[in-house]
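The lines below spell out each chain.
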Amino acid sequence: MRPRGEENVRPNPLRSKAVLSDPAGADVPVGRRSFLRLGAVLTGGLALGGNSAIAEPSQESPPADAPWSQSIGAGVVDRPYGRPADTEASVIRRNVPWLTATAESSVSFSPLQDLHGIITPNGLFFERHHAGRPDIDPAQHKLLIHGLVERPLLLTMKDILRFPQTTRIHFIECPANGGMNWRAAQMNSLQFSHGMVSCAEWTGVKLSTLLEETGIKKEAKWAMVEGADGAHMNRSLPLDKCLDDCLVVYAQNGEALRPEQGYPLRLVVPGWEGNVNIKWLRRIKLGEKPWHSREETSKYTDLMPDGTSRGFTWLMDAKSVVTFPCPEKPLDGAGLYEIRGLAWTGNGKVTRVDVSVDGGINWQTARLHEPVLSKALTKFTLPWRWDGRPALVASRVVDESGYVQPTIAELRKQRGSNSVYHNNSIQTWQVKSDGTVFNVQLA
Ligand SMILES: Nc1nc2c(c(=O)[nH]1)N[C@H]1C(S)=C(S)[C@@H](COP(=O)(O)O)O[C@H]1N2
Ligand SMILES: [Mo]
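You'll find the protein entered in an unreviewed UniProt entry as Sulfite dehydrogenase, with Bradyrhizobium archetypum given as the organism. Taken directly from UniProt, the Cofactor (unreviewed entry) text for the protein runs: "Mo-molybdopterin".

In structure tokens, the structure reads:
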């Protein structure tokens, strides 16, 4: 069992004084000095954590054997289902206890500060449940497709697996992501300010394939999609979107969906609000008009300054965030670093990300890393030589529709500060001269 919870967060060995005093090799070429010095720090960290009697490696001789190099390790299937190294125990989903009344209708956040790619490992995908996570027997789970169709269908999981497969990589983001920062910078954490987004490779059947199988009556304009959880959560979706790119998926990153993500079946609605991506999917009904859900509203709405509500805001606008440095990953002294981050848009592909280290006065274009996929997380990096002085690090994404990520001031001008949802504003991290990093908002 991996230990869980805050009490298991280990101090960062890279920040210990003893490790930092490790000198770099004397004859290191100047241009590469900072990166190589980081290498020396890492080696020192391992020696310190394991056995301080191990001789320091030099450039002339290979390192002495650590204890783990002097014996035979565990055999295969020692762990029939693999898991991360024990020393990675602090890389976990976390929740904010005061945010919701119960853990069953709540949210957990992905540890973006510890992730290195565009794919969220299955055990770290954020969770948002309205009535807890049901444990469903796939042998008994069925999907009903009915309403304005020629031939209603009741499909078992076996039936669904026989349809042609499609695999695509897409992010899912809850529109409440960043909601705690609408009025002011509140959470001094990347995990809690941005961790309600995750990205996976989804495998399943195109919803259009299933709907073609039932035959769509020409009056049909909307689909009601419903989950098998205690909330029977349902949403109304325009038929056009259903036929465009929605997927009914049973697999996530190459294995069966996790129960938290909707096992055995979920809907993926690429680029749209997380809440329409119905988990534990059990019913799709076609009709002429949108339905009203059993919950108070059939959609998420934002309260505008004039008292009206902004509804049917399905599309997730472009957003980006610097994931290093961040409050959880401070800097270790002046020198060469790589600013790293993630960008995404419900509008298609990310076309450019600019990075500023002076609070948005000057911008430099970051490198986008392949693959740059539609409605998926995209990784960006920019080399940065930090002079050790206070800095304001921020990123700004532009997507293929030409949309530019707004500042929080621009967003508040449009929508006031009563909204909870759709805060896609530019995130600024304040770097202090000691390397610590804080969540701030610029006026
Ligand atoms: N059946 C059902 N589907 C659901 C939910 C739910 O509570 N029940 N939560 C929704 C919300 S609000 C979001 S943001 C996403 C979260 O997906 P995840 O838990 O896989 O991250 O699932 C959506 N689908
Ligand atoms: Mo959500």
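This brings us to the overall build of the protein. When helices and strands are counted, the protein shows seven helices and 23 strands. Buried residues in the protein amount to 48% of all 443 residues. Contacts in the protein between residues far apart in sequence, at least 24 positions, make up 70% of those at least 6 positions apart.

With respect to the element layout, Thr 428 can be found in strand 22 (residues 428–431). If near-sequence neighbours (up to four positions away) are discounted, Thr 428 is found in contact with Leu 392, Val 393, Ala 394, Phe 438, Asn 439, Val 440 and Leu 442.

Note the cis peptide between Phe 324 and Pro 325, where omega equals -5°. Along the chain, Pro 325 falls in the loop between strand 15 (319–324) and strand 16 (335–344). Glu 370 connects to Pro 371 through a cis peptide bond whose omega is -5°. Its location among the elements puts Pro 371 in the loop between strand 19 (367–369) and strand 20 (378–386). Here the phi dihedral of His 232 falls at roughly 45°; this positive angle occurs in a residue that is not glycine. Mapped onto the elements, His 232 comes out in the loop between strand 7 (222–227) and strand 8 (234–238). Taking relative accessible area as the criterion, His 232 reaches 22% and is therefore assigned partly exposed.

Our next topic: the pattern of salt bridges. Where charged atoms from two side chains of opposite charge come close, those side chains can pair. Applying the stated criterion across every chain, the model contains 15 salt bridges. Each of Arg 93, Glu 127 and Glu 260 takes part in salt bridges that share partners, so that together they form one network.

Another aspect to go through is the site of ligand 1. Taken together, 20 residues are adjacent to ligand 1, and Phe 126, His 130, Asp 229, Arg 266 and Lys 279 come closest. A distance of 3.0 Å separates an oxygen atom of ligand 1 from a polar atom in the backbone of Arg 128. Contact distances for ligand 1 include 2.7 Å between an oxygen atom and a backbone N or O atom of His 130. The protein chains hide 100% of the 530 Å² of surface that ligand 1 would expose on its own. Here ligand 1 occupies the largest cavity. Among the elements that line the shell around ligand 1, the one with the most residues is strand 2 (residues 127–129), at three residues. Considered class by class, the residues forming the shell around ligand 1 number seven nonpolar, seven polar and six charged.

Before going further, it helps to spend a moment on the sheet that holds strand 3 (residues 142–147). The strands making up a sheet associate through backbone hydrogen bonding, with each pair oriented either parallel or antiparallel. With mixed pairing, the five strands of this open sheet are ordered in space as 4-3-12-7-8. In the strand order of this sheet, the two ends are held by strand 4 (153–156) and strand 8, each with one partner. Taken over all neighbouring pairs, the strand axes of this sheet differ in orientation by 15° on average, direction set aside. Bridge analysis of strand 3 against strand 12 (residues 281–287) gives four bridges, and the strand direction is parallel. Bridge pairing in strand 12 places Gly 147 opposite Leu 286.

Moving on: the sheet that holds strand 15. Read from one edge to the other, the open sheet built from four strands follows the order 15-16-20-19, with strand pairing classed as antiparallel. In the strand order of this sheet, the two ends are held by strand 15 and strand 19, each with one partner. Put simply, the sheet's adjacent strands are angled 30° from each other on average, direction ignored. Note that strand 15 and strand 16 share five bridges and pair antiparallel. Paired with Ser 320 across the two strands is Ala 343, which belongs to strand 16.

Calculation notes
Here the residue index of a chain counts from 1 through its sequence in written order. Throughout, the order in which chains and ligands are written sets their labels, letters from A for the former and numbers from 1 for the latter. Whole-chain, interface and lining totals are the exception, using all residues; otherwise, since this is a predicted model, local features are given only for residues with pLDDT of at least 70 and side-chain atom pairs are given and counted only at 80 or more. The basis for the side-chain values is all heavy atoms of the structure; hydrogens and waters are excluded. UniProt positions are given in the numbering used here, feature names are shortened, and annotations may be inferred rather than shown by experiment. Secondary structure counts use DSSP, requiring at least four H or I residues in a row for a helix and at least two E residues in a row for a strand, with both numbered from the N terminus. Burial here depends on accessible area, computed with a 1.4 Å probe over protein chains only, as a share of the maximum for the residue type. Under 20% is buried, over 50% is exposed, and the range in between is partly exposed. Residue contacts are defined here by distance: any two heavy atoms, one from each residue, within 4.5 Å place the two residues in contact. Put simply, a salt bridge is a Lys or Arg side-chain nitrogen that is within 4 Å of an Asp or Glu carboxyl oxygen. Nearness is judged by heavy atoms alone; a residue qualifies as near a molecule or strand once a single heavy atom is within 4 Å of it. Here a polar contact is taken to be a pair of N or O atoms separated by no more than 3.5 Å, where protein atoms must pair a possible hydrogen donor with a possible acceptor and residues adjacent in sequence count only if both atoms sit in side chains. Method for areas: the Shrake-Rupley scheme with a 1.4 Å probe, in which residue coverage is limited to the protein chains shown. Both cavities and pockets are sets of points on a 1 Å grid over the protein atoms alone; in a cavity a 1.4 Å probe fits but cannot get out, in a pocket the set is open with protein on both sides within 12 Å along at least five of seven lines, and lining residues sit with an atom within 4 Å of a point. For this analysis, a molecule is said to be in a pocket or cavity if more than half of its atoms are within 2 Å of the grid points defining it. In this count, Pro and Cys sit with the nonpolar residues alongside Ala, Val, Leu, Ile, Met, Phe, Trp and Tyr, while Asp, Glu, Lys and Arg are called charged and the others, Gly among them, polar. Here, a strand pair is defined by DSSP locating no fewer than two bridges between the strands. The angle between two axes is taken between their N-to-C directions and runs from 0 to 180 degrees, where each axis is a line fitted to C-alpha atoms and a helix contributes only its stretch in contact.

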